Amino acid sequence: FISPSFSSNKAQFGDLGVDKADVFKPTKDCIDKALAILEEERDEWEDYLNEMKVYKMMINERKRIGNFSNNDIDIMNDLLDENGEKIIKPVWKRKIIRSPQILLVLDDVLNSPALLLSSGLTRLATLNRHMGEISEENGGGSLGIAVMILSQTYSTTNGISRCIREQITQLILFENKQKKQIDKIKDELASAVDEDKFMTAYNYAIQKKHDNLTIDFNAKCPTKVFRRNLNELIIFEDSLKECNCKK
């Protein structure tokens with residue numbers, strides 16, 4: 001969590017269970033600090049996978065030393081109890097055994113060093129799915145890191161760059177009374193979303209205070225591109241005809 005005002009917004013964010021050690025000020029190196037956590041999580045996950053491999057080998061009573069590498073033997077010693085007799089099953093640090101899922105939230109960071117090109121945010125926005133590579137022996141791929149930016153304006157000097165804006169997969173808009181901002185959003189989204197549909201969906205979604213419109217650029221079905229307040233689909237007739245949902 002990168003924010004200069006996390007403590008004062010604790011009423012909103014306190015129930016998310018964010019560790020204080022995972023909250024950073026929007027400094028020039030805050031992105032690097034967040035990525036260091038990602039790498040640490042990746043290393044711990046791979047250590048657990050390696051331990052489980054050796055544990056299963058030991059349980060299967062493969063006693064021939066030729067079956068184990070030097071690294072395996074080191075892990076074996078760590079898995080034995082203090083008497084060297086009982087095999088202790090590795091324990092993952094979380095209740096659900098799965099690869100770590102990382103979400104980076106940037107809040108109230110406009111005009112801060114966190115948004116400078118040198119901060120690494122632009123690179124993160126384009127390569128986030130490939131961050132935290134996992135070794136081939138543990139299945140390959142990468143952990144990835146999801147990024148959420150909370151901003152009071154869509155576009156401003158020293159704000160969120162167009163390069164970052166073009167990488168977004170979901171856009172959530174609240175009421176914006178500045179016509180120029182709405183026109184800019186409409187113009188930038190034109191290649192991905194029909195302008196008339198966007199304006200119709202926006203005007204329908206924004207009815208009361210705190211109402212919002214979600215645009216999903218990776219929707220698996222054309223009926224799920226627009227949502228009002230996250231939980232109400234806004235479906236156009238032609239999209240309904242192209243619906244490919246199972247239900």
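Up top is the structure these notes are about.
All residue numbers refer to position in the chain's written sequence, counted from 1. Local features in this predicted model are restricted to residues whose pLDDT is 70 or higher, and side-chain atom pairs enter the listing and the counts only when it is 80 or higher, whereas totals over whole chains, interfaces and linings include all residues. Note that water and hydrogens are dropped before the side-chain values are worked out from all heavy atoms of the structure.

### Remarks on helix H7 (residues 195–205)
For every residue, the accessible area (1.4 Å probe, protein chains only) is compared with the maximum for its type, and the residue is labelled buried under 20%, exposed over 50%, or partly exposed between those bounds. Strands here mean DSSP runs of E at least two residues long; helices mean DSSP runs of H or I at least four residues long; both are numbered from the N terminus. Of all the positions in H7, only Lys-197, Phe-198, Ala-201, Tyr-202 and Ala-205 are classed as buried. Relative to the axis of H7, the buried residues are bounded by an arc of 130 degrees and lie together on one face. In H7, the exposed positions that point more than 90 degrees away from the buried face belong to Asp-196 and Asn-203. Pairs of residues are marked as contacts when any of their non-hydrogen atoms sit within 4.5 Å. Buried residues along H7 sit against strand S3 (170–174), helix H6 (179–189), strand S4 (212–216), strand S5 (226–228), strand S6 (232–234) and helix H8 (237–241). The N-terminus of H7 is capped by Asp-194, whose side-chain oxygen sits 3.1 Å from the backbone nitrogen of Asp-196. The directions from the helix axis to the C-beta atoms form the arc being described. Throughout this description, a polar contact denotes any pair of N or O atoms lying within 3.5 Å of each other; where both atoms belong to protein, one of them has to be capable of donating a hydrogen while the other can accept it, and for residues adjacent in sequence the pair is counted only when both atoms sit in side chains.

### Quick word on the packing of H6 against H7
Relative to each other, H6 and H7 sit at 135 degrees, their axes nearing to 9 Å. Taken together, the axes of H6 and H7 are oblique relative to one another. In this structure, H6 meets H7 at a crossing whose hand is right-handed. Of the residues in H7, those touching H6 at Ile-182, Ile-185, Lys-186 and Leu-189 are Glu-195, Phe-198, Met-199 and Tyr-202. Between the N-to-C directions of two axes lies an angle of 0 to 180 degrees, each axis being a line fitted to C-alpha atoms and, for a helix, fitted only over the stretch in contact. Should an angle fall under 35 degrees it is taken as roughly parallel, and over 145 as roughly antiparallel, whereas 65 to 115 is taken as roughly perpendicular and any remaining angle as oblique. What makes a crossing left-handed is the near helix being turned counterclockwise from the far one by less than a right angle; a clockwise turn instead makes it right-handed.

### Some remarks on the pairing of S3
Of the two faces of S3, only one is covered, namely that formed by Leu-171 and Leu-173; the face formed by Gln-170, Ile-172 and Phe-174 stays uncovered. Looking at chain direction, S3 and S4 are connected through five bridges and run antiparallel. Bridging across to S4, Leu-173 finds its partner in Leu-213. When DSSP finds at least two bridges between two strands, those strands are taken to pair.

### Focus: the nonpolar core
Counting 32 residues, the largest nonpolar core has Ile-2, Ile-31, Leu-104, Leu-106 and Leu-124 as its most contacted members. Contributing elements (two or more residues each) for this core: helix H2 (30–59), helix H3 (70–79), strand S1 (102–107) and helix H4 (121–127). It is H2 that contributes the most residues to this core, 12 residues altogether. Setting aside residues no more than four positions away along its own chain, Leu-106 makes contact with Ile-2, Ile-31, Ala-114, Leu-121, Val-147, Met-148, Ile-149 and Leu-150. Residues Ile-185, Tyr-202, Ile-215 and Phe-226 belong to the second largest nonpolar core, which totals 18 residues. Nonpolar core, defined: a set of buried Ala, Val, Leu, Ile, Met, Phe, Trp, Tyr and Cys residues in which side-chain atoms within 4.5 Å join the residues together.

### Side note on the side chain of Ser-5
The topology assignment puts Ser-5 in the segment before helix H1 (10–13). Excluding its chain neighbours within four sequence positions, the residues that come into contact with Ser-5 are Asp-107 and Asp-108.

### With respect to the pattern of salt bridges
For salt bridges, the criterion is a side-chain nitrogen of Lys or Arg within 4 Å of an Asp or Glu carboxyl oxygen. Counted by the stated rule, this structure contains 14 salt bridges. Of the charged contacts in the structure, one is a salt bridge between Arg-162 and Glu-188, with a shortest N-O distance of 4.0 Å. Residue Arg-162 is found in helix H5 (residues 162–165), and its partner Glu-188 is found in helix H6; the two are separated by 26 residues along the sequence. Given a relative accessible area of 41%, Arg-162 falls into the partly exposed group. Classification of Glu-188 as buried rests on a relative accessible area of 12%. Residue Asp-211 is joined to Arg-228 by a salt bridge in which the shortest nitrogen-to-oxygen separation is 2.9 Å. With a gap of 17 residues between them, Asp-211 in the loop between H7 and S4 and Arg-228 in strand S5 connect regions that are remote in the sequence.

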